[in-house]
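One letter stands for each residue in the lines below.
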Amino acid sequence: MAPIVEFLPECKQHDVLPVKTTLKVRNSNLLRFTQLRDVPEVARYLQQMRENASARRFDAVLLQQLKQSEYKAPGNYSEVHVQLELFRFCDGNDALSDTSADPGGNRQIRQNLGTLEIKTSINTVVAFARAESEYKVVTPPHMHVSLTEGAMGVKPKMTATQVQALWGTPSADLVTQDGARLLGYGRRLWVLLDPLVKVVFTDSELLSGVGRNLLEFHPEFDEKPWLIDGKVPYKKDMVQAGLQLGSWQKSSALLWRRQLGTQQLSVQFEEFNPESVDQNTALLTGFRLSGQPDQVVKSPLQQAAMTDVLTFVEAVNVRNLRQQPLASQLPAQLRVHQMAQRRNLIWWLPTTQLHVLLQKDKISRLKVTAPIVRNPQQPDQFPQLLKALQIPISKAGLRLAFPDMQDYGDRFQLYRDDFDILIEFASDEEHAPIELLEIIYHYPH
């Protein structure tokens, strides 16, 4: 079935179908969820549009706008504006870009109750244990990448504190198995520290699609192009780049290097053929600034001990809970990796497949997904984690365990007074594997 995507395709065919509508949703449902996509009325509509797109042989549905109306509808309802585009990818190129289809949107749910206004932002990214007010988006001193100026000001041998002073709070803070630290800014920019900065590099292949989707659109690092030597921007044609950059050592036709003392800067080009013509075009897509020897990230991410993970998961199993789970139930040894929202939401990742969202002193969400990295080098944790949650792994088992669960083929939804369960499958086939399971806790205080 055609997926919902939130980032612009690198190339799409001209034949598209724009769709605009306004949905009427219950205020009580807005209070139960943080993501507008999970509100039942919205979820049903998006599912219908996916089916519609598939029937019309479109490849995907681009979510251009999903926004709650400022207009106060009469009674117990609110309005949600939805803008979509059904499209087909260009032949041979089904990749998505790093550009959000709605860069100004924050997909907020807002519920007005008299003079009280509750706002819950739903963008998700990663960080460390800190007060909400400490999360900072900092404008880098410049967007230049060179051997003398560093990468937007960051240079090898800097400390993590110096990096954050220049770039603000990272979108991702990950720990490798050998103890090194990976700070991510936006969806492609990384800093490797051990304990000082070893490498600053771009990499769109480090994270899986699940991992990339956890990182919100960053206003500084996803929107503004970096400039090699202050001249040549991301996606510049290689021929023109060569004219502007002058002499470089060619390690290969698509990999150029330059060295100054112990530092080395390499730039990577990739070949594209967006117009499906006879000759490919090489475009600048990445850089790597390092002290020598160059450090390539090969070590897998750390994983908390599975016995500790399963003990925690069993404790927050909805069959065992009688009240909202507390943040204190997530022990220090499970707080391994982090993904933080720009302002006030923090995801902790004990493993590459288990995500825990804390809001103040409570656990508000628990998510089990495919690994956040492309090459996890560990066995699939879905069977163990779902067993600890006492949730069946098959569609037939889910129907038996939860007769009131709504079945949309490739998406199951269960709404209860104290919690909700959302499950996404690889397809609408009966034996399709689970790709995502999310529990939303909303026990009364």
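Quick notes on the rules
- Residues numbered from 1 in each chain as written.
- Predicted model: local features only at pLDDT ≥ 70, side-chain atom pairs only at ≥ 80, totals over all residues.
- Heavy atoms only, no water.
- Disulfide = S-S within 2.5 Å.
- Helix = DSSP H or I, 4+ residues; strand = E, 2+ residues; numbered from the N terminus.
- Buried < 20%, exposed > 50% of the residue type's maximum accessible area, 1.4 Å probe, protein only.
- Pairing = 2+ DSSP bridges.
- Contact = heavy atoms within 4.5 Å.
- Axes fitted to C-alpha atoms, helices over the stretch in contact; angles between N-to-C directions.
- Polar contact = N/O pair within 3.5 Å; in protein donor to acceptor, adjacent residues only side chain to side chain.
- Salt bridge = Lys/Arg side-chain N within 4 Å of Asp/Glu carboxyl O.
- Arc of directions from axis to C-beta.

Caption draft 1: Region of interest: the state of the cysteines. Scanning the entire structure with this criterion turns up 1 disulfide. What pairs with cysteine 11 in a disulfide is cysteine 90, and their sulfur atoms sit 1.9 Å apart. Taking the torsion about the sulfur-sulfur bond, which here is approximately -65 degrees, the covalent link between cysteine 11 and cysteine 90 counts as left-handed. Here cysteine 90 lies in the loop between β5 (77–87) and β6 (96–100) and cysteine 11 lies in the loop between β2 (7–9) and β3 (17–26), a separation of 79 residues in the sequence. Here cysteine 11 and cysteine 90 have matching classes, each one buried.

Caption draft 2: Fine view of the sheet that holds strand β1 (residues 4–5). Sheet architecture is open: 4 strands sit in the order β1-β4-β5-β3, paired in mixed fashion. Two strands lie at the open edges of the sheet, namely β1 and β3, each paired on one side alone. Bridge analysis of β1 against strand β4 (residues 60–68) gives 2 bridges, and the strand direction is parallel. Opposite valine 5, over in β4, you have leucine 62 as the bridge partner. Packing of helix α2 (residues 40–55) onto the sheet brings it into contact with β1, β3, β4 and β5, and relative to β3 it is tilted by some 155 degrees.

Caption draft 3: Here's a closer look at the environment of threonine 22. Considering the arrangement of structural elements, one finds threonine 22 in strand β3. Separated by 56 residues in the primary sequence, threonine 22 and serine 78 have C-alpha atoms spaced 10.0 Å apart. For threonine 22, the residues in contact, after removing those within four places along its chain, are Glu79, Val80 and His81. One polar contact links threonine 22 to histidine 81, side chain to side chain, over a distance of 3.1 Å.

Caption draft 4: Inspection of the sheet that holds strand β9 (residues 144–146) at higher detail. Ordered by their spatial adjacency, 4 strands build an open sheet running β10-β9-β15-β16, and the pairing between neighbours is mixed. Each edge of the open sheet carries a strand with a single partner, namely β10 (150–151) and β16 (232–233). When β9 meets strand β15 (residues 227–228), the two strands line up parallel, connected through 2 bridges. By the bridge assignment for β15, histidine 144 is matched with leucine 227.

Caption draft 5: Spotlight on the pattern of salt bridges. One pass over the full model with this rule turns up 16 salt bridges. A salt bridge links arginine 37 to glutamate 6; the shortest N-O distance between them is 3.0 Å. You can see arginine 37 sitting in the loop between α1 (27–32) and α2 and its partner glutamate 6 sitting in the loop between β1 and β2, a full 31 residues away along the chain. Arginine 37 gets classed as partly exposed once you look at its relative accessible area, which sits at 24%. Between glutamate 220 and lysine 224 there is a salt bridge, with its nearest N and O atoms 2.7 Å apart. One network of salt bridges, with partners in common, ties together Asp38, Arg365, Arg411, Glu424 and Glu438.

Caption draft 6: Region of the structure containing helix α7 (residues 382–389). Looking at α7, one finds that the buried residues are Phe382, Leu385, Leu386, Ala388 and Leu389. Angularly, the buried residues of α7 cover 160 degrees about the axis, an arc narrow enough to put them on a single face. Each element contacted by the buried residues of α7 is listed here: α6 (306–315), β23 (354–359), β24 (362–369) and β28 (434–441). Where α7 terminates, the next one or two residues include glutamine 390, which has phi positive at roughly 60 degrees.

Caption draft 7: Quick peek at the pairing of β4. Counting buried residues in β4 gives 7 out of 9 residues, a clear majority hidden from the surface. Across 8 bridges, the pairing between β4 and β5 is antiparallel. Bridge pairing links lysine 67 to histidine 81 in β5.

Treat this as a map of the structure, not an account of what it does.
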